[in-house]
Amino acid sequence: MAFPSITDREKKGDRVIKRLASRDEFILMLFAVPGLLYFLVFKYMPLLGNVIAFQNYNIFKGIWDSPWVGFAHFSRMFTFDEFFRVLMNSIRLGFFSLLFGFPAPIVLALLINEVKHLWFKKTVQTIVYMPHFLSWVIVGSIFINLLSYEGIVNQFLHWLGLSRTDFVTEDNFFLSVLIGTGIWKEVGWGTIIYLAALSGINPNLYEAAMVDGAGRWKQMWYVTLPCLWPTMIVVLLLSVGQILDANVEQVLIFLNPLVRDVGEVFDTYVYNIGLVGGQYSYTTAIGLFKATIGIALVFGLNALSRRLTGESIY
Amino acid sequence: MTKRVSVFDVGLATVLLFLCGLMLAPLIHIISISLSDPLFAQAKLVYFWPKGLQFGVYQKIFAMDEMWRAMGVSIVVTVGGTLITLVLTSMLSYSLTRGRMPYRKLVMKLILITFVFPAPIIPSFLLVKSIGMLDTLWALMIPAATSAFGVIIMKTFFQGVSNELLDAAKIDGCTEAGIFTRIVLPLSKSVLATIGLFQAVYHWNAYFPALMFIRSKELYPLQVLLQNLVVKKGVNNFMGDVQFELSMPVTPEMMSAGIIVFATIPILLVYPFLQKYFVKGAMLGSLKE
C-alpha cells in the first residue's frame, strides 16, 4: 500500500488552499458588487449625464437622440441678467456664511473648553448640538414664526420702542436671516471637531506656559490657537469648495416671492427653473459651471495652503 | 490653579448660559404657543410659558389621517433606507479591507473621486426618472444609499479588527462570508450604529429629495407635509375643510406651532440618549486617511 508522499500531500494542500482562495476572491467580489453598482449608477452616470448641458435635451428623445448644440447654453447663460443676479447672490451668501459661520464654532469650542465642571460642560454640549438634529423645515418654520411681523422678535423690538419689520419678506434682512439661522443650527455641531483637537493638546504645553507666567488669555493665544491651526485649515478648505453650494433645503424654506431677487441662488434656481420649469439642458449647464468653480477653488486653495502652511487635504 | 471661582469663570458661565438660552428659547416659545388658550395666543401674549393650558391643538393633529400617513411614510423610508445603507456600505467596505480582493486600490480610487465630483442635480433627477423610480419611495432610499464618506469610515473601522482573529477563523475553515457575518459584523456594532443613526436622521429630516421625486400626496413624507402646512400656509385651507368636533377654536398659528412640535418631539426624545454615538460618528468622520 503506497502512502501519498509528503510532497504529494503538500501539493494537494496547495490545491485546496488555492481553490479556497479563489472562492474567497469570488465571494469578496460578490460583496463589492451592490455597492459598486450603486457608485457607478448613482454617482458616475449623472456625471456622464452632464453632457446634456451641450444638447437641447428632449425628455422624449433621451440623451442619445437629443440634438447637440455645443456651448450654446453657456453663452446664453452669460447674456442673462438673471444669471448674474443668481451668481452674485450665491457668492454673497457663500462668502458671508463662511465669514461668520467659520469662526463661530471655533469661538464656541474655545469657550466650552474653558469650562472645568464636567456636568456643566456636558449639559452645554447637549443643548448646543441639538438644533443640528432638527430638519430645515422645522427650523425654518420656527424662525419664520419668530421673525414675522407679529412674531416675538418684533414684539420685543416694539417694546424697546423700535419699529417692526417683517424680517422674512424684507430684501435687506434675507441674507442675515439665512446666515443667522445657519449658525443657530450648526454652530454647536461644528464645535465637535475642534473640541476633539483641543482634547488632543499635550497638557505639558500649558504647564510650560504657566511656568513662563502666561495667564488664561495668553495660554489660549500662544498654546491653544496654534494647536487648532491644522484643523481650522482643513475645515476651511473643505468649506471653501462648497462656497457656491447653498443649502437648498434651507434657502427653499425661506425663499418667497418678495425676496426672490436677493434670495435665488444656484441650487434653488436649478430646482425652480430646471426641475419645476423643465429647462433641463440650460440648468445642467449652470450646475456644471458652478461645480467647475467649486473644484477649481478647492484645488487652487489646497495648493496655496500646502505652500504657505504645509497643511492640505490632498 | 486655585479652586476659587474667578471673574473669568462667572463670565464664561454667563455667556454659555445665554447661548444655551438662545438655542432653547425658540423651541420653548413654539411649544408654549401650541399649548395655550387660543385667546392668549391670538393676543400674542404667550412667551415662554403656556397661558391657559389646553391640548386642543394636539387632539386635532392626532385626528389628522394625513399626518399619520406622512409619519408612516417617513418611518418606512427611514428604516428601509437605513437598512439598505448599512448592507451596501458594510459589504463594500469589508471587501475593500481584505487583501485578497482584486482591483482593491482601483475601486477605492473610483469611490474617492465621487468625493470631489458630486452628482449634479438635473442629471441625477433624469436618471431616477429613466429607471422608473420617480414617484416611488425607492427614489428616497436608493439614490442616497451610500457615499464615499460612509465607505471610508466603515473601512477604517474594519481595518481595526485584529487580523490574527480573522486568520484564526480562516484556518478553522471559515469562508470570507462567514468571517464577515460571524466575526467582523458582531465586532463592529458601534460603527454600524453610528452610520445607521446618521443615515436615519438624514432620512427623517430630508425633504428636498421628496420635493424632487415624489408627486403623489399619499407618498409625502412628514417633512413635505409640514412644509405644505406650515411654510406654505396650507394650515388655513386645511382648517377650513376638516370638521372638528371640538368646541374650542384653534388659531392657524397655534395649529402650525402644534404641527412643528409634533414633528420635533420624536427627535428630541431620542437625541439625548443617542448623543454619544453621534459625537463618535462626527469624530470618525473627521479622520484623515
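See the structure shown above.
Bear in mind that the values here come from a model prediction, so they are computed numbers and not experimental data. (Residues numbered from 1 in each chain as written. Chains lettered and ligands numbered in written order. Predicted model: local features only at pLDDT ≥ 70, side-chain atom pairs only at ≥ 80, totals over all residues. Heavy atoms only, no water.)

A.B. asks: Looking at this structure, I do not really get the overall build of chain B. What am I missing?
C.D. replies: Per the secondary structure count, chain B includes 15 helices and 0 strands. Over its C-alpha atoms chain B spans a radius of gyration of 25 Å, topping by over 25% the 19 Å that the globule rule assigns to 289 residues. Along the first, second and third principal axes, the C-alpha set of chain B runs to 75 × 70 × 35 Å. In chain B, 72% of the contacts between residues at least 6 apart in sequence involve partners at least 24 apart. Split by element, the accessible area of chain B, about 14000 Å² in all, is 68% carbon and sulfur. Here chain B contributes 23 positively and 14 negatively charged side chains, and the mean placements of these two sets differ by 10 Å. (Helix = DSSP H or I, 4+ residues; strand = E, 2+ residues; numbered from the N terminus. Rg over C-alpha atoms; globule rule 2.2 N^0.38 Å. Contact = heavy atoms within 4.5 Å. Areas by Shrake-Rupley, 256 points an atom, 1.4 Å probe, with all protein chains shown as cover. Lys, Arg positive; Asp, Glu negative; His and termini not counted. Charge placed at Lys NZ, Arg CZ, Asp CG, Glu CD.)

A.B. asks: Hey, could you run me through the overall build of chain A in this one?
C.D. replies: If you tally the helices and strands in chain A, you get 15 helices and 0 strands. Scaling as 2.2 N^0.38, a compact globule of 314 residues should have a C-alpha radius of gyration of about 20 Å, whereas chain A reaches 28 Å, well beyond that. Across its three principal axes, chain A shows a C-alpha extent of roughly 110 × 75 × 40 Å. Relative to its 314 residues, chain A shows a buried fraction of 46%. Sequence-distant contacts, at least 24 apart, represent 63% of the contacts inside chain A between residues at least 6 apart. If you average the places of the 23 positive and of the 22 negative side-chain charges in chain A, the two averages end up 9 Å apart. (Buried < 20%, exposed > 50% of the residue type's maximum accessible area, 1.4 Å probe, protein only.)

A.B. asks: Would you take a moment to explain the pattern of salt bridges for this structure?
C.D. replies: Two side chains with opposite charge may pair up if their charged atoms get near one another. Inspection of the entire model under this criterion finds 10 salt bridges over all chains. Between A:D267 and A:K290 there is a salt bridge, with its nearest N and O atoms 2.7 Å apart. Of this pair, A:D267 sits in helix α14 (residues 266–276) while A:K290 sits in helix α15 (residues 280–308), and the two are 23 residues apart along the sequence. The two residues A:D267 and A:K290 agree in class, both being buried. B:E176 serves as the salt-bridge partner of B:K170, at 2.9 Å between the closest nitrogen and oxygen. Among the charged side chains, a salt-bridge network with shared partners connects A:D24, B:R98, B:K170 and B:E176. (Salt bridge = Lys/Arg side-chain N within 4 Å of Asp/Glu carboxyl O.)

A.B. asks: What is the right way to look at the interface of chain B and chain A in this model?
C.D. replies: Contact with chain B, which involves 92 residues of that partner, is made by 79 residues of chain A. The largest contributions to the chain B side of the interface with chain A come from B:M23, B:I122 and B:Y271, which together make up 9% of the buried area. The interface formed by chain B and chain A contains 2 salt bridges. Joining chain B to chain A, the criterion identifies 15 residue pairs in polar contact (both at pLDDT 80 or more). Among the elements that take part in the side of chain B that touches chain A, helix α1 (residues 7–35) of chain B stands out by supplying 17 residues, more than any other. A per-class count over the side of chain B that touches chain A returns 70 nonpolar, 14 polar and 8 charged. (Buried area = accessible area lost by both parts, 1.4 Å probe. Polar contact = N/O pair within 3.5 Å; in protein donor to acceptor, adjacent residues only side chain to side chain. Nonpolar A, V, L, I, M, F, W, Y, C, P; charged D, E, K, R; others polar.)

A.B. asks: Sorry, what's going on with the nonpolar core here?
C.D. replies: The nonpolar side chains of soluble globular proteins are, as a tendency, buried together. Formed by 174 residues in total, the largest nonpolar core has its most connected members in A:F254 and B:M67. If sequence neighbours within four positions are ignored, A:F254 has contacts with A:W136, A:G140, A:F143, A:I144, A:V168, A:F174, A:V177, A:L178, A:T181 and A:V259. (Core = buried A, V, L, I, M, F, W, Y, C linked by side-chain atoms within 4.5 Å.)

A.B. asks: Just checking my understanding: could you explain a nonpolar patch on the surface for this structure?
C.D. replies: Residues and elements named next belong to chain A. On the surface, M88, I91, F95, L99 and F100 cluster together to form a nonpolar patch covering roughly 470 Å² of accessible area. By secondary structure assignment, the location of F95 is in helix α4 (residues 81–101). Using a relative accessible area of 43% as the deciding quantity, one classes F95 as partly exposed. (Patch = residues over 30% accessible without salt bridge, like charges linked within 9 Å, V, L, I, M, F, W, Y side chains within 5 Å.)

A.B. asks: Sorry, what's going on with the packing of aromatic side chains here?
C.D. replies: Centre-to-centre distance and the angle between the planes together describe a pair of aromatic rings. Residue and element names in this part refer to chain A. What the rule picks out here adds up to 39 aromatic pairs over all chains. Both rings, one in F54 and one in F71, keep their centres 5.3 Å apart while their planes meet at 80 degrees; by these two values the pair is edge-to-face. Here the residue F54 occupies a position in the loop between α1 (6–49) and α2 (62–65), and F71 occupies one in the loop between α2 and α3 (72–79), the gap between them amounting to 17 residues. Owing to a relative accessible area of 24%, F54 belongs among the partly exposed residues under this scheme. Judged by relative accessible area, which is 58%, F71 ranks as exposed. Positioned over the ring face of Y282 is R76, at 4.3 Å from the centre of the ring. Residue placement shows R164 over the ring face of Y149; its charged tip is 5.8 Å from the ring centre. (Phe/Tyr/Trp six-rings, centres within 6.5 Å; stacked < 30°, edge-to-face > 60°. Lys NZ or Arg CZ within 6 Å of the ring centre and 35° of its normal.)

A.B. asks: Would you mind going over helix α9 (residues 171–199) of chain A with me for this structure?
C.D. replies: Residue pairs three or four apart in sequence face the same way in an α-helix, which turns once every 3.6 residues. Spanning 29 residues, α9(A) covers 43 Å between terminal C-alpha atoms, matching the ideal 42 Å at 1.5 Å per step. At A:E186, α9(A) shows its maximal bend, which comes to roughly 45 degrees. (Expected span 1.5 Å × (residues − 1). Bend = angle between axes of the 7 residues up to and from the residue.)

A.B. asks: So what exactly am I meant to see when it comes to the side chain of B:T264 here?
C.D. replies: Following the sequence through the fold, B:T264 ends up in helix α15 (residues 252–285). Apart from residues no more than four positions distant in its own chain, B:T264 is found in contact with A:L134, A:I138 and B:L27.

The values reported here are purely geometric and, on their own, carry no functional implication.
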